[in-house]
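Fold and geometry: a report
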There are 2 protein chains.
Amino acid sequence: MPTRSEEDHIKAVYTLLQEGDSAFTKDIAERLQNKASSVTVMLKKLAEKGFLKHEPYYGAKLTAKGRGFALQLVRRHRLWETFLVERLGFGWDEVHEVAEQMEHVKSEKLIDKLDAYLGKPHFDPHGDPIPDKKGVIRERKTRRLDSCAAGDHVRIAAVSETTDGLLRLLDSKGLRIGTSLMVQEVHAFDGSMDVKPKSGSAFSLSKDVSHHLQVEKGKP
Amino acid sequence: MPTRSEEDHIKAVYTLLQEGDSAFTKDIAERLQNKASSVTVMLKKLAEKGFLKHEPYYGAKLTAKGRGFALQLVRRHRLWETFLVERLGFGWDEVHEVAEQMEHVKSEKLIDKLDAYLGKPHFDPHGDPIPDKKGVIRERKTRRLDSCAAGDHVRIAAVSETTDGLLRLLDSKGLRIGTSLMVQEVHAFDGSMDVKPKSGSAFSLSKDVSHHLQVEKGKP
DNA sequence: AAAATAGATTAGTCTTGTCTAATAATGAGG
DNA sequence: CCTCATTATTAGACAAGACTAATCTATTTT
Ligand SMILES: [Mn+2]
Ligand SMILES: [Mn+2]
Ligand SMILES: [Mn+2]
Ligand SMILES: [Mn+2]
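What you are looking at is a predicted structure, and each value in this text was computed from that prediction instead of being measured. (Residues numbered from 1 in each chain as written. Chains lettered and ligands numbered in written order. Predicted model: local features only at pLDDT ≥ 70, side-chain atom pairs only at ≥ 80, totals over all residues. Heavy atoms only, no water.)

1. Topic: the coordination of the manganese ion (ligand 3)
Residue and element names in this part refer to chain B. Ligation of the manganese ion (ligand 3) by protein atoms is provided by D8 (OD), E100 (O), E100 (OE), E103 (OE) and H104 (NE2), these donors lying 2.0 to 2.5 Å from the ion. Look at where the donors of the manganese ion (ligand 3) fall in the sequence and you get D-x91-E-x2-E-H. Taking the relative accessible area as the measure of exposure, H104 reaches 8% and is therefore buried. (Donors = N, O, S within 2.8 Å, 3.2 Å for Na, K, Ca; no water. Buried < 20%, exposed > 50% of the residue type's maximum accessible area, 1.4 Å probe, protein only.)

2. Observations concerning the protein's contact with DNA strand D
Close to DNA strand D lie 21 residues; T3, S5, S38 and K45 of chain A together with K26 of chain B are nearest. Protein-proximal atoms of DNA strand D, defined as those within 4 Å of the protein, fall in sugar or phosphate at a share of 80%. K35 of chain A is positioned such that a nitrogen or oxygen atom in its backbone is 3.0 Å from a phosphate oxygen of DNA strand D. One of the backbone N or O atoms of K26 of chain B is found 2.6 Å from a phosphate oxygen in DNA strand D. For the surface near DNA strand D, the secondary-structure elements that each account for two or more residues are α1 (4-19) and α3 (36-48) of chain A together with α2 (25-32) and α3 (36-48) of chain B. The greatest single-element share of the surface near DNA strand D, amounting to four residues, is contributed by α3 of chain B. Split into classes, the residues belonging to the surface near DNA strand D amount to six nonpolar, 11 polar and four charged. (Near = heavy atom within 4 Å. Polar contact = N/O pair within 3.5 Å; in protein donor to acceptor, adjacent residues only side chain to side chain. Helix = DSSP H or I, 4+ residues; strand = E, 2+ residues; numbered from the N terminus. Nonpolar A, V, L, I, M, F, W, Y, C, P; charged D, E, K, R; others polar.)

3. Observations concerning the coordination of the manganese ion (ligand 4)
Residue and element names in this part refer to chain B. For the manganese ion (ligand 4), the full set of protein donor atoms is E81 (OE), D124 (OD) and H126 (ND1), at a range of 2.1 to 2.3 Å. Counting gaps between the donor residues of the manganese ion (ligand 4) yields the pattern E-x42-D-x1-H. Residue E81 is found in helix α4 (residues 64-86), and its partner H126 is found in the loop between α6 (108-117) and β3 (143-144); the two are separated by 45 residues along the sequence. With respect to class, E81 is no different from H126; both count as buried.

4. Details of the packing of aromatic side chains
Following the criterion strictly, the structure yields seven aromatic pairs over all chains and no others. Measuring from ring centre to ring centre gives 5.0 Å for F83 of chain A and F83 of chain B, while their planes differ by 50 degrees; the resulting arrangement is tilted. Taken together, the positions of F83 of chain A in helix α4 (residues 64-86) and F83 of chain B in helix α4 put the pair across two chains. We note that F83 of chain A, like F83 of chain B, is buried. Both rings, one in F83 of chain A and one in Y117 of chain B, keep their centres 6.3 Å apart while their planes meet at 80 degrees; by these two values the pair is edge-to-face. Residue F83 of chain A is found in helix α4, and its partner Y117 of chain B is found in helix α6; the two belong to separate chains. (Phe/Tyr/Trp six-rings, centres within 6.5 Å; stacked < 30°, edge-to-face > 60°.)

What follows is the structure, given as structure tokens:
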């Protein structure tokens, strides 16, 4: 049974591999607010325990066992986030840190019952998929909003950075998971984008924002 | 901010002082499944941090600060137990260990919202009082069932030992918090007691069981 | 190709929390 | 008052997880 710190390291590797194709010491350290040297030591231990392969100087890859653990941890994290937002009335910008703690509570029964209680949700409050008990993730095809062109009709599927600032900015513009938008114009100069929600008037989004919005095709 | 282990020690001292009038090293160790020597070290540290007074060889007493912390921890523990039973459908014999972990999640907002979500309950699934946000406990006058005499009408208010075995035994006899009983006879030989629930026929309870049931006066 | 830089690793230290073994204090019975 | 069993404390060891400082590797720049 991995310790809390081990779990967090495994999850960091998993997330980095999701986002790119490599999990480097420095990036893991940054994510966990640790020093790189501490991460190196941890990676060596996790490699010995069979959760990952550590290729010194070239980062880490998860083994099947490591991936399985990571998926369960991600499942717990996202189920708790869902609980906090749907049942306790937290804002979507307030749940990350708390879920970061709750995900480490050890009880399979707890997660089974929580999952059932929430209605076996497939997505968390940020639109991220929740792996099922077996670790299976329902796949969707999404693209970043900043890769869309004028005239595209889209629906916000997920926010890929859950920093408080971004989430509150989205709140202030009335953007949330499920919101439908039409891309009116993309400005080459700064990459900003004018979008129009189904109801309401158009406004502009900076590239910083549109880059972190995952969208799926919407109907015109 | 106390660590998890510090919190557990403070709570153990609190509970022992509730049950008797002293918290000795050995009993704390037993409760926490640690060795006495480890507890001594911890008590010294907690005394330095101002949570308690440690009188070597005579046990520990909480300071006001320590009592405040203990009450908040007890609050969190019992709120989570309530959540697990009332919302997730756990049995009352299954929640202790999980709540033992959840109580350590650090977030004041979480507990406020959980409390509101549960309807600001005053008692947990075992009938134990839940301190409010300020640490105030609603007092009741209860007595142990084994101190009752033939003819007494009582209502089960709390179970003072939450071992799985006892709770399941109570389940099997249909006894729970709020059940009303009439004491029919007390047998001097073994201290066992015949009781009759409001509806249903009478049965016998051993002294081991009646000793752990807290009751309040019921109507005849 | 050499040098510079960024990143990674190693070595050694510290803190926390636990243990075992040795020693000491307390309180009860004789 | 002495002895003994119980309980508590101290001392010393260890493992986990973090850090800093020193060293090393890979890659980019000159
Ligand atoms: Mn975490
Ligand atoms: Mn999320
Ligand atoms: Mn606990
Ligand atoms: Mn309880």
